[in-house]
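A structural walkthrough
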Amino acid sequence: MSTFKFPVINPLLHSELRLKIMVALDSLESADFVYLCKITGSTRGNLSVQIKTLHEAGYIEVSKTGFGPLSHTVCRITLKGHEALHAYEEGLRRLFNEKVPEMESRQEIG
């Protein structure tokens, strides 16, 4: 019987918006909330929820200054986030490049 298994794809990064945030932060030193909102095409509310999720996972650092409408939020990817993103990328490459073995005959399986 085959021991083939699909690579594990990180479900936290498999969300389109979270992936966009991580890719942006991986290529920038940091990015503020307004910029991330603009480049991802997200609503402020959805972006806020996804940033919180990534922060709680330890994938990004979030720093806030000011209060209310004068607040400024800046995000930065962590080493853990960088490693998770590149493992996710490698998992996708393997998923698309590895060949699934031919199905074995029923007699060989049972």
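Now for a quick tour of the structure. (Residues numbered from 1 in each chain as written. Predicted model: local features only at pLDDT ≥ 70, side-chain atom pairs only at ≥ 80, totals over all residues. Heavy atoms only, no water.)

With respect to the nonpolar core
- Counting residues in hydrophobic clusters, the biggest one holds 22 residues, and the most contacted among them are Met-22, Leu-25, Leu-36, Leu-47 and Ile-51.
- At the level of elements, α1 (16-27), α2 (33-40), α3 (44-56), β3 (72-77) and α4 (79-97) are the ones that each hand at least two residues to this core.
- When residues of this core are assigned to their parent elements, the largest contribution, five residues, is made by α1.
- Once residues within four sequence positions are removed from consideration, Ile-51 is found in contact with Ile-21, Phe-33, Leu-36, Ile-60, Val-62 and Cys-75. (Core = buried A, V, L, I, M, F, W, Y, C linked by side-chain atoms within 4.5 Å. Buried < 20%, exposed > 50% of the residue type's maximum accessible area, 1.4 Å probe, protein only. Helix = DSSP H or I, 4+ residues; strand = E, 2+ residues; numbered from the N terminus. Contact = heavy atoms within 4.5 Å.)

Regarding the pattern of salt bridges
- Across all of its chains, the model carries five salt bridges by this definition.
- Measuring nitrogen to oxygen at the nearest pair gives 3.7 Å for the salt bridge that ties Arg-76 to Glu-29. With Arg-76 in strand β3 and Glu-29 in the loop between α1 and β1 (31-32), this pair connects stretches of sequence that are 47 residues apart.
- Owing to a relative accessible area of 65%, Glu-29 belongs among the exposed residues under this scheme.
- In this structure, the salt-bridge partner of Lys-52 is Glu-56, at a minimum N-O distance of 3.9 Å. One end of the pair is Lys-52 and the other is Glu-56, both in helix α3 and four residues apart, which spans about a single turn.
- Residue classification places Lys-52 among the exposed positions, given a relative accessible area of 51%. (Salt bridge = Lys/Arg side-chain N within 4 Å of Asp/Glu carboxyl O.)

Digging into the pairing of strand β2 (residues 60-65)
- Where β2 meets β3, six bridges bridge the pair, whose relative direction is antiparallel. Its bridge partner being in β3, Glu-61 is matched across the sheet by Arg-76.
- The antiparallel pairing of β2 with β3 creates a hairpin that spans six residues between the two strands, and Gly-66 there sits at a positive phi of about 75°. (Pairing = 2+ DSSP bridges.)

Focus: the packing of α1 against α2
- With their axes 10 Å apart at the nearest point, α1 and α2 run at an angle of 120° to one another. The angle between the axes of α1 and α2 places the two elements in the oblique class. Both α1 and α2 take part in a crossing whose hand is right-handed. Across the interface between the two elements, Leu-17, Lys-20, Ile-21, Ala-24 and Leu-25 of α1 pack against Leu-36, Ile-39 and Thr-40 of α2.
- Classifying every residue of the contact of α1 with α2 gives six nonpolar, one polar and one charged. (Axes fitted to C-alpha atoms, helices over the stretch in contact; angles between N-to-C directions. Parallel < 35°, antiparallel > 145°, perpendicular 65-115°, else oblique. Left-handed = near helix turned anticlockwise from the far one by under 90°. Nonpolar A, V, L, I, M, F, W, Y, C, P; charged D, E, K, R; others polar.)

The quantities given are spatial measurements derived from coordinates; they are silent on function.
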